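Each chain, written out:
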Amino acid sequence: MFYREAGDFRTTYAEDQQTFPIKFDRYRYYLVLFIAICVVPFVINDYWANSLLLPFLIYAIAAIGLNILVGYCGQVSLGTGGFMAVGAYACYKLMTAMPDVSMFIHVLLAGAITAAVGVLFGLPSLRIKGFYLAVATLAAQFFLVWLFNRFPWFYNYSASGQINAPERDVFGIVITGPNAEAWATYAFCLIFTIFSAIVARNLTRGSVGRKWMAIRDMDIAAEIIGVNPLRAKLTAFAVSSFFIGVSGALFFAIYLGAVEVGEAFGITKSFLVLFMIIIGGLGSIFGSFAGAAFLVLLPVMLKVVGVDWLGWPTDIVAHLQLVIVGALIVLFLVAEPHGIAQLWRVAKEKLRLWPFPH
Amino acid sequence: MTYKLGTLAVAGLMAASPVMADLVFPSLSYRTGPYAAGGIPFADGYADYFTMLNERDGGIGGVMTSVPECETAYNTEKGVECYESLKDSGGLVYQPLSTGITYQLIPKTTADGIPMHTMGYGRTSAANGEVFSHTFNYPANYWNGASGAINYLLAENGGDLNGKKISLVYHNSAYGKEPIRTLQELSKKHGFEFTEVPVDHPGQEQKSQWLQIRRDKPDYVIMYGWGVMNQVAVQEAANIRFPMENFIGIWWSGSENDVLAAGAAADGYKALTFHGVGSDFPVFDDIKTHVVDKGLAAGAGDQIGTVLYNRGLYAAMLAAEAAKTAQEIHGTPDITAAMMRDGMEALKITEEKMTELGLPNFGPTFDVSCSNHGGTGLVGVTQWDATAKEWTLISDFAPTDMDVIQPLIEEDSAAYAAENNIENNCG
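Residues numbered from 1 in each chain as written. Chains lettered and ligands numbered in written order. Predicted model: local features only at pLDDT ≥ 70, side-chain atom pairs only at ≥ 80, totals over all residues.

**Digging into the overall build of chain A**
Okay, so step 1: Looking only at helices and strands, chain A features 15 helices and 4 strands.
Okay, so step 2: Over its C-alpha trace chain A gives a radius of gyration of 21 Å, about what one expects of a compact globule, namely 21 Å for 358 residues.
Okay, so step 3: A principal-axis box enclosing the C-alpha atoms of chain A has dimensions of 70 × 55 × 45 Å.
Okay, so step 4: Within chain A, contacts between residues separated by at least 24 positions form 76% of all contacts whose residues are at least 6 apart in sequence. (Helix = DSSP H or I, 4+ residues; strand = E, 2+ residues; numbered from the N terminus. Rg over C-alpha atoms; globule rule 2.2 N^0.38 Å. Contact = placed C-beta atoms within 7 Å.)

Below, the structure written as C-alpha cells:
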C-alpha cells in the first residue's frame with residue numbers, strides 16, 4: 001500500500017543512487033524539510049525554541065557526529081562531552097577575539113579546532129580497541145574538562161570561570177544573547193543540522209564511509225583489502241569531532257548562552273549522547289535524530305503532562321520521568337536491539353506489503 | 001502518602017484556577033538530584049510563606065498569590081526550560097537558587113524585563129544596579145560572606161591575621177570560585193597565607209583534598225560548598241581531627257543536613273548567615289495555624305524551622321514586601337513584573353517592619369536603591385551544637401569590608417557592561 005515501488009521507475013544512475021529512492025519516502029522528506037524551513041520559523045515562540053527545538057537540533061548534530069565514530073567506524077568514544085566543550089570554548093575564544101566575524105565562520109572554525117583535538121585523542125585508537133579505547137576517550141573527557149577549569153585563559157579570566165556568549169549577529173540578525181529572536185536562533189541551528197545530516201549521509205555512503213564500515217566490521221580484513229586503518233580511523237575521529245564541536249559551539253552560544261564546563265559538559269553529557277545513538281540506532285543518520293528526539297523531547301513531554309495537565313507535585317513527576325524514560329529504554333532495547341531506526345525500517349517493510357503481507 | 005494528597009490538592013487547585021488574576025511567584029525548585037537536600041527546605045519555606053499570606057491576609061494587597069513550581073534538579077538546561085515554560089504565567093520575580101542558572105537568566109530576564117532575586121548567591125557584581133538593572137542580590141552576597149568570615153577571624157585573633165594560614169575548600173564551579181578574588185585581596189591586606197582547595201561536583205569524594213589540608217595544617221578552613229559536598233567535608237574534617245571551631249562554612253554550607261550526618265563530631269562547626277535561625281519567631285505561629293494545621297504545608301511539611309526553610313521563608317518575605325512596595329508606588333494591586341522591579345528597587349527593610357511581620361531581629365535592616373542592588377551586606381556567624389541539635393547565632397549582623405569588595409564589584413560589573421554594551425541604568 002504505502003511505499004509501493006510499482007510504477008516508480010528510475011531511468012538514470014543518479015536517480016537510482018539518491019538518498020530516498022522511493023517516491024513516497026522522498027516526498028515525506030521534502031515535507032519535513034518544508035515544514036522545518038517554511039512553517040516552523042513563523043510560528044515558533046521562545047518556549048518552543050529554547051525548551052524543545054534548539055536542544056533537539058543541537059543534540060541531533062552531536063548524535064550524528066558520535067554515530068559516525070561509533071556506529072560507522074566502530075570506535076567507542078566516551079569523550080563527547082569533552083569534545084563539545086572544546087567546540088564551546090573555541091567558539092567563545094573566537095567570538096570574543098574577533099567580534100566582527102560572522103558567527104557561521106566561528107562555529108565552523110570551532111568545529112575545525114575540535115576536529116584537530118579529536119584526531120589527537122584518536123591516535124590511541126590505532127593501538128587499542130573496544131573497551132580499552134573507551135577508557136582512553138574517557139581520559140580525554142576528564143582531561144578536557146579539567147583543562148578548561150584549570151586555565152583561566154580559556155574563560156578570559158572571569159571571576160566565576162563561566163563563559164558567557166556576547167551578542168553577535170549574522171547579516172545583521174542577532175542570533176546570540178538574550179535579544180535574539182526565537183526564529184533566528186532556530187533557523188541558525190537548523191541550517192547546521194541540515195548541513196550536518198546531508199554531509200554525514202553522503203560521507204557515509206561514499207568511499208570514506210565504506211572504509212569506516214570495513215574497519216568497523218573487521219579491521220584486519222579491511223586492511224588486507226587495502227583500507228588504510230590510520231587514515232580511516234583518524235578521518236572518522238576528525239569528522240565526528242567536527243560535528244560534535246559544531247554542536248558544542250551551538251549548545252553554548254545559541255542555546256544556553258552561559259556555561260560552566262563541569263556542569264554542562266561533564267561525563268553525563270557523554271553518556272547522554274551515547275544513549276541517544278544506541279537508542280536511535282547505531283550506523284543510521286535517521287537514528288541520530290530519533291535518539292535525540294527520544295531523550296530530549298520525551299522528558300519535557302512527561303513534565304508537561306504530569307505537572308501542567310495533571311497537576312502532580314514536581315518532585316514526583318521528576319522521579320516518574322526517570323522511571324518511565326529508563327523503562328522505555330529497556331523496553332526498546334529488548335524489543336529492538338538495533339534501536340528506533342531498525343524499528344522504523346521494519347515498520348516501512350511491513351507498510352510496503354500492507355494490507356497483503358504474503 | 002497522605003501528606004502528598006494535601007499538596008496534590010493544592011497543586012490541582014493551582015492548575016485549575018486561572019492564574020491571570022494572581023500575583024505569580026514562580027519557584028524554580030529542586031527536589032531531586034544531588035542538591036535536593038538543600039532545595040527541598042528552601043522551596044517549602046518559599047511556598048509556605050505565600051500560602052500563609054493567602055490564608056491569613058487573603059494574599060498581598062487583596063490579590064491572591066500563587067507559586068507555580070518547576071523542577072530544575074540544579075541543572076542549567078532544565079532551568080532554562082523552566083524559565084521559558086513559566087514565563088507565560090506572568091511571574092513577577094524569579095529565584096533560581098542556583099548560581100549556574102542565575103548566570104543563564106541574568107541576560108534573559110533583563111531582556112524580558114522580569115526581575116530576578118538571587119539572595120546570597122548568583123553573580124556577586126549584580127549588586128551594582130547601574131549595570132544589572134533586573135538582578136538583585138540583597139541582603140548579602142558571596143564576597144560579603146568571604147569578608148564576613150575574615151572579619152570574624154580578625155575579631156577572634158585580636159585584629160591580626162598576619163602569618164596565619166587560611167584554606168578555602170570550594171565547589172569547583174562558578175559558585176565556589178566567586179570568593180577567590182576577594183580572599184586573595186584580603187590576604188594581601190591582612191597578611192594571611194591563602195590556599196585554594198577545589199572539590200569537583202558533586203563532591204562525594206574528598207579524601208585527597210582533606211589529606212592536603214592535613215599536610216598543610218591551615219589555621220582556619222573556609223568552605224563554599226553545597227549539597228552532599230558539605231556533609232562529606234564536615235565528616236572528613238572530623239576524620240582528620242580538624243578543630244571544628246576553626247572550620248567556617250558559607251551560608252550554603254550551614255544547614256542541619258550538613259552537620260547531622262557527622263553526629264557529635266560536628267559539634268562547634270560554624271557557618272555564616274544573613275538571617276535568623278530557629279523557629280522562635282511569631283511568624284511561625286501563623287505558619288502553624290494557617291498552613292500546617294490546615295494541611296497546606298508544601299512538601300512533607302517536616303522542614304519547618306530548619307535553616308534553609310527559614311531562608312526560603314525570608315526570600316518569600318522579601319518578595320512579598322517588594323510586591324507591597326510596588327503596589328504602593330503604582331497604586332494598583334495588580335502589579336506587573338516591571339512594577340515589581342520598581343518595588344524591589346525601593347525596598348526598605350526596617351526593624352519595625354520585620355517586627356510587624358512577626359520576624360523581629362530575623363535579618364539585617366537594609367535599603368535597596370537603583371545603584372545598590374546588594375543591600376548593606378551585613379553578615380552574622382552561627383555555630384552548631386551537636387547535643388542540642390541546633391544552630392545558634394553567635395555574633396551580630398556585622399558590616400563587611402566594603403573597601404575591598406566595592407572596587408571588585410565595580411571592576412567585574414564594568415567588564416560585564418563593556419562586554420554587553422550596557423549604559424548606566426541609573427543615569
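**A look at the sheet that holds strand β11 (residues 270-273) of chain B**
Residue and element names in this part refer to chain B.
Okay, so step 1: Here we have 7 strands laid out as an open sheet, ordered β8-β7-β9-β10-β11-β14-β15, and mixed in their pairing. Where the open sheet ends on each side, the last strands, each with one partner, are β8 (193-199) and β15 (390-393). Here the strands of the sheet are splayed against their neighbours by 25 degrees on average, with no regard to which way each runs.
Okay, so step 2: Strand direction decides the pairing type here: strand β14 (residues 380-385) and β15, joined by 4 bridges, are antiparallel. Pairing of W384 across the sheet is with W391, part of β15.
Okay, so step 3: Helix α7 (residues 207-216) rests against β7 (165-171), β8 and β9 (220-224) of the sheet, and its axis sits at about 165 degrees to β8. (Pairing = 2+ DSSP bridges. Axes fitted to C-alpha atoms, helices over the stretch in contact; angles between N-to-C directions.)

**Observations regarding unusual backbone geometry**
Residue and element names in this part refer to chain B.
Okay, so step 1: A cis amide bond, omega 0 degrees, links Y138 with the succeeding residue P139.
Okay, so step 2: Looking along the chain, the bond that leaves H201 and enters P202 is cis, with omega of -5 degrees.
Okay, so step 3: By secondary structure assignment, the location of P202 is in the loop between β8 and α7.
Okay, so step 4: Not every positive phi belongs to a glycine, and A73 is a case in point at roughly 55 degrees.
Okay, so step 5: What makes A73 buried here is the crowd of 23 C-beta atoms within 10 Å.
Okay, so step 6: The residue R241 is not glycine, and still its phi comes out positive at about 55 degrees.
Okay, so step 7: With respect to the helices, strands and loops of the structure, R241 is situated in the loop between α8 (228-239) and β10 (247-249).
Okay, so step 8: With 9 C-beta atoms counted inside 10 Å, the residue R241 sits in the exposed group. (Buried ≥ 20, exposed ≤ 12 C-beta atoms within 10 Å, placed from the backbone.)

**A few points about the domain arrangement of chain B**
Size of an interface, as often reported, equals the accessible area lost when the parts are brought together.
Residues and elements named next belong to chain B.
Okay, so step 1: In terms of domains, chain B is made up of domain 1 (7-140 + 277-375) and domain 2 (142-273).
Okay, so step 2: For domain 1 versus domain 2, the distance between C-alpha centres works out to 29 Å.
Okay, so step 3: Across the boundary between the two partners, domain 1 contributes 15 residues, which contact 18 residues of domain 2.
Okay, so step 4: Looking at the side of domain 1 that touches domain 2 residue by residue, the classes come out as 9 nonpolar, 6 polar and no charged. (Domains from an automatic or database assignment. Nonpolar A, V, L, I, M, F, W, Y, C, P; charged D, E, K, R; others polar.)

**A short note on the confidence of the model for chain B**
Residue and element names in this part refer to chain B.
Okay, so step 1: Residues with a pLDDT of 70 or more make up 95% of chain B, whose mean pLDDT is 90.
Okay, so step 2: Across residues 1-20, confidence stays below pLDDT 50; counting only partners more than four residues off in sequence or on other chains, it has 23 contacts.
Okay, so step 3: ipTM for the predicted complex: 0.86, alongside a pTM of 0.90. (pLDDT = per-residue confidence, 0-100.)

**Brief notes about the packing of helix α8 (residues 207-217) of chain A against helix α10 (residues 229-256) of chain A**
Residue and element names in this part refer to chain A.
Okay, so step 1: α10 packs onto α8 with a crossing angle of 105 degrees between their chain directions and a minimal axis gap of 9 Å. It follows that α8 is roughly perpendicular to α10 by the angle criterion. Between α8, through V208, K211, W212 and I215, and α10, the contact on the second element is made entirely by P229, A232, K233, T235 and A236.
Okay, so step 2: In terms of residue class, the contact of α8 with α10 is built from 6 nonpolar, 1 polar and 2 charged. (Parallel < 35°, antiparallel > 145°, perpendicular 65-115°, else oblique.)

**Brief notes about helix α4 (residues 80-97) of chain A**
Okay, so step 1: With 18 residues, α4 of chain A ought to run about 26 Å at 1.5 Å a step, and its terminal C-alpha atoms sit 25 Å apart, in line with that.
Okay, so step 2: α4 of chain A sits mainly inside the fold: 15 of its 18 residues count as buried. (Expected span 1.5 Å × (residues − 1).)

**Re the nonpolar core**
Taken as a class, soluble globular proteins show a tendency for nonpolar side chains to be buried jointly.
Okay, so step 1: Ranked by internal contacts, the top residues of the largest apolar core, which has 239 residues, are A88, C91, L250 and F252 of chain A.
Okay, so step 2: Composition of this core by domain shows at least three residues from each of domain 1 (7-140 + 277-375) and domain 2 (142-273) of chain B.
Okay, so step 3: Beyond its immediate chain neighbours, meaning those up to four positions away, L250 of chain A contacts I58, V107, C189, F192 and Y255 of chain A. (Core = buried A, V, L, I, M, F, W, Y, C linked by C-beta atoms within 7 Å.)

**Quick word on the interface of chain A and chain B**
Okay, so step 1: Taken together, the contacts link 33 residues of chain A with 39 residues of chain B.
Okay, so step 2: Among the secondary structure elements, those contributing two or more residues to the side of chain A that touches chain B are α3 (46-72), α11 (261-264), α13 (285-309) and α14 (314-335) of chain A.
Okay, so step 3: Taken together, the residues of the side of chain A that touches chain B break down into 13 nonpolar, 14 polar and 6 charged.

**Quick word on the environment of P179 of chain B**
Residue and element names in this part refer to chain B.
Okay, so step 1: Tracing the chain through its elements places P179 in helix α6 (residues 174-190).
Okay, so step 2: A tally of 26 C-beta atoms within 10 Å means that P179 is categorised as buried.
Okay, so step 3: Along the chain, P179 and N144 lie 35 residues apart, while their C-alpha atoms are 8.9 Å from each other.
Okay, so step 4: Beyond its immediate sequence surroundings of up to four residues, P179 is in contact with Y142, W143, G145, A146, L168 and Y224.

**So, α8 of chain A**
Okay, so step 1: Where α8 of chain A is concerned, the buried positions are G209, K211, W212, A214, I215 and R216 of chain A.
Okay, so step 2: Tucked into the core, α8 of chain A has its buried residues touching α3, α7 (182-204), α9 (219-224) and α10 of chain A.

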